[in-house]
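Survey of secondary and tertiary structure
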Amino acid sequence: MRFGQFDDENKEYVIHTPRTPYPWINYLGSEEFFGLVSNQAGGYCFFRDAKLRRLTRYRYNNVPTDDGGRYFYVKEGDTVWNPSWGPVKTELDAYECRHGLGYSRITGKKNGLSVSMLFFVPVGKTCEVHAVTLKNESSQKKSFQLFSFLEWCLWNAEDDMTNFQRNYSTGEVEITGGGQTIYHKTEFKERRNHYAFYHVNAPVAGYDTDRETFIGLYNGFHEPQVVLEGKSRNSKAAGWSPVASQCLEITLGPGETKELSFVLGYIEVDKSQKWESKSVINKKPALDMIATLDSKAKVDAELAKLKDYWKNLLSGYSVKSSDDKLDRMVNIWNQYQCMVTFNMSRSASFFESGIGRGMGFRDSNQDLLGFVHLIPERARQRILDIAATQFEDGSAYHQYQPLTKRGNNAIGSGFNDDPLWLILGVAAYIKESGDFSILDEQVAFDNDESKSKSLLEHCKRSFDHVLHNIGPNGLPLIGRADWNDCLNLNCFSETPGESFQTTENREGRTAESIFIAGMFVSIGPMYADMVERKGDKAEGERVRNEVRKMERVVLDKGWDGDWFLRAYDFFGKKVGSKGNKEAKIFIEPQGYCVMAGIGVASGEAKKALDSVKEYLDCPYGIVLNNPAFTEYVLEYGEISTYPAGYKENAGIFCHNNPWIMIAETVIGRPERAWEYYKKICPSYLEEISDLHRTEPYVYAQMIAGKDAVKPGEAKNSWLTGTGSWNFVAISQYLLGVRPEWDGLVVQPCMTKEIAEYKVVRRARGATYEITVKNSGQAASAKLTVNGKPIEGNQVPYAPAGSTVSVLCEV
Ligand code: BGC
Ligand code: NOJ
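Residues numbered from 1 in each chain as written. Chains lettered and ligands numbered in written order. Predicted model: local features only at pLDDT ≥ 70, side-chain atom pairs only at ≥ 80, totals over all residues. Heavy atoms only, no water.

**Let's talk about the sheet that holds strand β43 (residues 788-790)**
The cut-off we apply is this: A strand pair is defined by DSSP finding two or more bridges across the two strands. Helix and strand definitions here come from DSSP, where helices need a minimum of 4 consecutive H or I residues and strands a minimum of 2 consecutive E residues; each element is numbered from the N-terminal end. Angles here are taken between N-to-C directions and fall from 0 to 180 degrees, while the axes themselves are lines fitted to C-alpha atoms, restricted in helices to the stretch in contact.
The strand order across the open sheet built from 6 strands is β22-β40-β41-β45-β42-β43, with neighbouring strands paired in mixed fashion. In this open sheet, the two strands that pair with only one neighbour each are β22 (317-320) and β43. The mean angle between the axes of side-by-side strands here comes to 25°, regardless of whether they run parallel or antiparallel. One ladder, built from 4 bridges, connects β22 with strand β40 (residues 756-763); its direction is antiparallel. Bridge pairing in β40 links S318 to V760.

Pasting the structure below:
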């Protein structure tokens, strides 16, 4: 069942009902100011860091779900309604939510009145615009009230949820223009040089800033007493919970329209200029911001700017084929999700609270892969920020906070795959941009500038960290965990509530990961390429030798007969082997080892992928392991705590499915790769939205696997490495256009269902117009560049500004 439809022309998903199977959300903002908005106007916003600089409050895990947002209430006579349907839930005559790129528009109609709310963050500004269009579509004059409402969060979202004894007494606001502008200035007089405000560009009949007064202590968002009574009380918050609500009295003749622009802004002021006079905050920067958005014309211009911004970004890679579902994912939604994950990492979604996690070291490096072609300069900065949290021995904090850019000690370190992802991120950036100078940048260790070394040296330490941590079989030690955060082979936890990721209660130098070995073989040569290009042949040779050695070890100690083993545990026993009772086979090493080319020539690769098909594939995607764990295995950690079929225990963990797609292209099997692509790609799942539940325009982290209670049900949409890896798989390996060090490789491995397609790819300032005539025989591509046949599959980079035409015949 569908709950909406794609509007490709406008790059929007159009939701037809507020009663989606789960709140279907969108993100606002792309640089510093971010918001989340659901199809019922639920959500919140923050400046840079969802934990440390939260602007509006949100209630997680609440009943009803999706509680708190930017609400507009209409009161006409005795009827009170929201254009977003919730929270009041008065039945609407019409409802539509359009989620677009960086904006959402929700329109509700009731009794001939149409109210449309457009939410977006203007490019380069630290505010949200809520542009409200009211239209009287009836033949009678209408008089009604419009109430705005949002609730301030007291900045630190975690403290805000826990420290009531203090926070109920700190809230402060200032009110100007009879409530036209409400300033939230809690803690401003002491250590904060920032405040927020909510403004409307029209006279107001009243306002409220105290939540209890507005809603009523025993009422909910669905029955605010001020709205029910139709009269603001002009309350001034003193402690408790500050909110911002304005009331506008509106009369519209038949057919008449009124446009309002509400601005929710965030302002930082210089310490020396905080005050206008005693206790009166300096409002100049807020007024300047408001002045840029105080008319419909200005708001329209900002929206147009935002649309242009996206149009330009998305012109970096586009495909035109006979399959709309493919085109809309590649051209619009997959790239959009990559931008969102690049910005948010795993911090703020409707499944991530924004207070638990900062930016992941491994996550952010992988997110880069799907983002780097959009704005390479931002990827560059991100790499330098990540690298600066690395330790001198090459290991890394598992996460860091975006506001401070410092490693987050609470989450710990010692995830032994982390360092290698840095090399992958750096290589992707250089291949995209050609900017080798990044390798010479001096970058701190553990944010200590006195310990700075070149980024190339950071990469070396990443590589060597593996070599310094080799186990008894010659394979890399896993440490706390590898990519699979829940395979905790040195953590024997029997204490409820203990964190599997930070508890390491055995001193182990035995548990080894075949997955990290695969990464080492795949990613190590990228570091060799870099040093060789910097002129250090000897180092390149050393690296290649180590990689060759590891490859042999994988085939010798990491092969189980029909697939690659997953690991060796603390006791030196095999994990992911035929001899195991449960979880005899895991997906990760099959993907990464084949991507690394291990066993391609000698046949293990094909065998491993056939085993994936046989044991791990199911109608909804490829599960992580099989059979699922049904018992707690003390020496494996978190993985077996999940019920069968969920998350890391035999869920379809969508992040690693594209590794198998890519692996299938490595051995030249386009039909398999395509089948796997379609199984988890959201646009192909639109018709089963009732089962899938999460948004049909973005990937979810996890789909319940074949052993689950409800196979096919997705969770944790939006913030997942799935976004970038699927984009890499489809754009670089199936459609087959991939930046390499010296040229754009064109090497399709695409289903014969798509007999012809065109890719337009921007790279290093030049544009490549690539036509692929596809027979589905991946092995035999012939390239013609600007009319001349060339040898091989690499189109040399052309000067910036030029257009290169490529014909690829497969
Ligand atoms: C999740 C992982 C996550 C880990 C640590 C697990 O339950 O599945 O994705 O990294 O917890 O928070
Ligand atoms: C989500 C985490 O963010 C990621 O780092 C990890 O690799 C996967 N879960 C698998 O555990």
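Having seen it, we continue.
**Observations regarding the environment of V810**
Mapped onto the secondary structure, V810 falls in the segment after β45 (803-809). Considering only alpha carbons, one finds V810 and K574, 236 residues apart in sequence, at a separation of 42 Å.

**Notes on empty space enclosed by the protein**
Put simply, the rule reads: With a 1 Å grid laid over protein atoms only, a set of points is called a cavity when a 1.4 Å probe fits there but cannot get out and a pocket when it is open yet has protein on both sides within 12 Å along at least five of seven lines; lining residues have an atom within 4 Å of a point. Grid points are joined across faces, edges and corners, and a volume is the space filled by probe spheres set on the points. Residue type decides the class: Asp, Glu, Lys and Arg count as charged, Ala, Val, Leu, Ile, Met, Phe, Trp, Tyr, Cys and Pro as nonpolar, and the leftover types, Gly among them, as polar.
Evaluation of the coordinates by the stated rule reveals 3 cavities of 30 Å³ or more. Here the largest cavity defines a volume of roughly 80 Å³. Lining the largest cavity, in full, are Y27, G29, S30, F34, G102, L306, W310, Y336, M339, V340, N343 and M344. Here the lining of the largest cavity is composed, by residue class, of 8 nonpolar, 4 polar and no charged. Taken as a whole, the second largest cavity encloses approximately 40 Å³ of empty space. Considered class by class, the residues forming the lining of the second largest cavity number 2 nonpolar, 4 polar and 1 charged.

**Observations regarding the site of ligand 2**
What counts is decided by this rule: A single heavy atom is enough: if one lies within 4 Å of a molecule or strand, its residue is considered near that molecule or strand. A 3.5 Å cut-off defines polar contacts: any pair of N or O atoms within that distance qualifies, except that in protein one atom must be a possible hydrogen donor and the other a possible acceptor, and neighbouring residues in sequence count only when both atoms are side-chain atoms. A 1.4 Å probe and the Shrake-Rupley method give the accessible areas. Residues count as covered only by the protein chains that appear here. A molecule is said to be in a cavity or pocket once over half of its atoms fall within 2 Å of that pocket's grid points.
Close to ligand 2 lie R346, R357, R362, D363, W483, N484, D485, E648, F653 and Q701. A distance of 3.1 Å separates an oxygen atom of ligand 2 from a polar atom in the backbone of D485. Burial of ligand 2 by the protein chains amounts to 96% of its free accessible area of 300 Å². In this structure, ligand 2 is accommodated by the second largest pocket.

**Description of the pairing of strand β1 (residues 4-7)**
Looking along a regular strand, one sees side chains alternate from face to face of the sheet. One ladder, built from 4 bridges, connects β1 with strand β2 (residues 12-15); its direction is antiparallel. Across the sheet, the residue bridging to Q5 is V14, located in β2. What sits between β1 and β2 in their antiparallel hairpin is a turn of 4 residues, with K11 showing a positive phi close to 55°.

**Quick notes on the packing of aromatic side chains**
Just so we agree on the cut-off: For Phe, Tyr and Trp, where Trp contributes only its six-membered ring, two rings pair if their centres lie within 6.5 Å, and the inter-plane angle classes them as stacked under 30 degrees, edge-to-face over 60, or tilted in between. Three labels apply to residues, based on accessible area from a 1.4 Å probe with only protein chains included: buried if under 20% of the type maximum, exposed if over 50%, partly exposed otherwise in between.
What the rule picks out here adds up to 56 aromatic pairs. On the basis of an interplanar angle of 40° and a centroid distance of 6.4 Å, the ring pair of Y44 and F46 is categorised as tilted. The exposure class of Y44 is buried, given its relative accessible area of 0%. Ring geometry for Y58 and F350: centres 5.3 Å apart, planes at 40°, overall tilted.

**Topic: the environment of F571**
Using the following cut-off: Residue contacts follow a heavy-atom distance rule, with two residues in contact if any of their heavy atoms lie within 4.5 Å.
Mapped onto the fold, F571 is located in the loop between β29 (567-568) and β30 (574-575). Residue class for F571 comes out partly exposed when judged on its relative accessible area of 47%. The sequence separation of F571 and G508 amounts to 63 residues, and the corresponding C-alpha distance is 9.1 Å. Apart from residues lying up to four places away in sequence, F571 is in contact with F492, R506 and E635.

**What about the state of the cysteines?**
This is how the line gets drawn: By definition, disulfides here are pairs of cysteine sulfur atoms that lie within 2.5 Å.
Taken as a whole and assessed by the stated rule, the structure comprises 0 disulfides. C749 provides the cysteine sulfur closest to C808, a residue in no disulfide bond, and the two sulfurs are 11 Å apart. Classification of C808 as buried rests on a relative accessible area of 0%.

**Points about the pairing of strand β7 (residues 71-76)**
In terms of residue burial, β7 counts as a mostly covered element, since 6 of its 6 residues are buried. Alternating positions in β7 separate into two faces, Y71, Y73 and K75 on one and F72, V74 and E76 on the other, with burial throughout. Bridge analysis of β7 against strand β13 (residues 142-155) gives 5 bridges, and the strand direction is antiparallel. Each bridged residue has a counterpart across the sheet, and for V74 the counterpart in β13 is L146. Sheet analysis places β7 next to strand β8 (residues 79-81), joined by 3 bridges and oriented antiparallel. In the strand pairing of β8, K75 is matched with V80. In sequence, β7 turns back onto β8 through a hairpin of 2 residues, with G77 there showing a positive phi of about 60°.

**Some points on the site of ligand 1**
Inspection of the region around ligand 1 gives R357, D485, C486, Q501, E638, Y642, K647, E648 and Q701 as its neighbouring residues. For ligand 1, an oxygen atom lies 2.3 Å from a polar atom in the side chain of D485. The separation between an oxygen atom of ligand 1 and a polar side-chain atom of E638 is 2.8 Å. When atom positions are compared with the pocket grids, ligand 1 is found to occupy the second largest pocket. Here the shell around ligand 1 is composed, by residue class, of 2 nonpolar, 2 polar and 5 charged.

**A few points about the nonpolar core**
Definition in use: In plain words, nonpolar cores are sets of buried Ala, Val, Leu, Ile, Met, Phe, Trp, Tyr and Cys residues tied together by side-chain atoms within 4.5 Å.
Within the largest apolar cluster, 254 residues are counted, with the highest numbers of intra-cluster contacts made by L326, Y592, Y677, W725 and Y768. When residues in this core are grouped by element, the largest group, 13 residues, is from helix α12 (residues 514-533). Leaving out residues up to four positions away in the same chain, Y592 has contacts with W421, L424, F515, G518, M519, S522, I523, W659 and W725.

**A short note on the sheet that holds strand β28 (residues 512-513)**
Pairing between sheet strands relies on hydrogen bonds along the backbone, with the strands arranged either parallel or antiparallel. Strand order in the open sheet formed by 3 strands is β28-β29-β30, with antiparallel pairing between adjacent strands. Of all strands in the sheet, those with a lone pairing partner are β28 and β30, marking the two edges. Sheet analysis places β28 next to β29, joined by 2 bridges and oriented antiparallel. Each residue of the ladder has a partner; that of E512, found in β29, is Y568.

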